[in-house]
Protein chains: 2
Amino acid sequence: MKEKATFYHAGCPVCIDAQNAVESLVDRARFDLEIVHLGESPDRLAGAEADGLKSVPALATAGRMIHLNHGADVSAPKA
Amino acid sequence: MKEKATFYHAGCPVCIDAQNAVESLVDRARFDLEIVHLGESPDRLAGAEADGLKSVPALATAGRMIHLNHGADVSAPKA
């Protein structure tokens, strides 16, 4: 059974760079990696914020929310 | 030939939590992961800053410096 990891972004340049890094780094044999663009999937925002999302890009896994550098606050995709 | 990934931290709680996540997430079959405690290895700080380190914890790989959440600015280990 693979663990789940969810990468949240909003298409910003910092997001795309972080996405490339995450896709390269994460062990896919052990983690199912889902990429969520919050601008295209705004219905995912509330759940992400409930899990601790403050800004994008970020990677959620095993109850942790890891913010990667800083592209934009999550208030941006709401606007 | 494995790629190199270097995790920089300073022993802070945010650092340790991020370290646990990184050690779990990173594909060790493809990346050699080095953990560097800048408080214990202050000689590594100048090189890390040259690579873009602004705060810890952070993960350097493939020319990128990915700051993970925010534990402390790198000025702290210098003090």
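As shown above, the structure is provided for reference.
Report on the accompanying structure.

### Considering the pairing of strand S3 (residues 55-61) of chain A
Next, step 1: Of all the 7 residues making up S3(A), 7 are buried; the element is thus mostly covered by neighbouring parts of the structure.
Next, step 2: Here S3(A) hands over to strand S4 (residues 64-73) of chain A after 2 residues, with Ala62(A) in that stretch at a positive phi of 50 degrees.

### Describing unusual backbone geometry
Residue and element names in this part refer to chain A.
Next, step 1: The omega torsion of the bond from Val 56 to Pro 57 falls at 0 degrees, within 30 degrees of zero and hence cis.
Next, step 2: Positioned with a positive phi, Ala 62 is a non-glycine residue whose angle comes to about 50 degrees.
Next, step 3: Within the secondary structure layout, Ala 62 lies in the loop between S3 and S4.
Next, step 4: Assessed through its relative accessible area of 54%, Ala 62 is described here as exposed.
Next, step 5: One non-glycine residue, Asn 69, lies in positive phi territory at about 50 degrees.
Next, step 6: As for its position among the elements, Asn 69 is in strand S4.
Next, step 7: Taking relative accessible area as the criterion, Asn 69 reaches 25% and is therefore assigned partly exposed.

### Things to note about the interface of chain B and chain A
Next, step 1: With 19 residues of chain B in contact, the opposing surface of chain A contributes 19 residues.
Next, step 2: Area buried by chain B at its contact with chain A is led by Leu25(B), Arg64(B) and Asn69(B), which between them contribute 38% of it.
Next, step 3: The interface formed by chain B and chain A holds 2 salt bridges in total.
Next, step 4: The salt bridge involving Asp17(A) is made with Arg64(B); its shortest N-O contact spans 2.9 Å.
Next, step 5: Joining chain B to chain A, the criterion identifies 10 residue pairs in polar contact (both at pLDDT 80 or more).
Next, step 6: Only strand S1 (3-9), helix H1 (13-25), strand S3 (55-61) and strand S4 (64-73) of chain B provide two or more residues apiece to the side of chain B that touches chain A.
Next, step 7: In terms of residue count, the dominant contributor to the side of chain B that touches chain A is S4(B) (6 residues).
Next, step 8: Among the residues making up the side of chain B that touches chain A, the classes are represented as 9 nonpolar, 5 polar and 5 charged.

About the thresholds
Residues numbered from 1 in each chain as written. Chains lettered and ligands numbered in written order. Predicted model: local features only at pLDDT ≥ 70, side-chain atom pairs only at ≥ 80, totals over all residues. Heavy atoms only, no water. Buried < 20%, exposed > 50% of the residue type's maximum accessible area, 1.4 Å probe, protein only. Helix = DSSP H or I, 4+ residues; strand = E, 2+ residues; numbered from the N terminus. Pairing = 2+ DSSP bridges. Contact = heavy atoms within 4.5 Å. Buried area = accessible area lost by both parts, 1.4 Å probe. Salt bridge = Lys/Arg side-chain N within 4 Å of Asp/Glu carboxyl O. Polar contact = N/O pair within 3.5 Å; in protein donor to acceptor, adjacent residues only side chain to side chain. Nonpolar A, V, L, I, M, F, W, Y, C, P; charged D, E, K, R; others polar.

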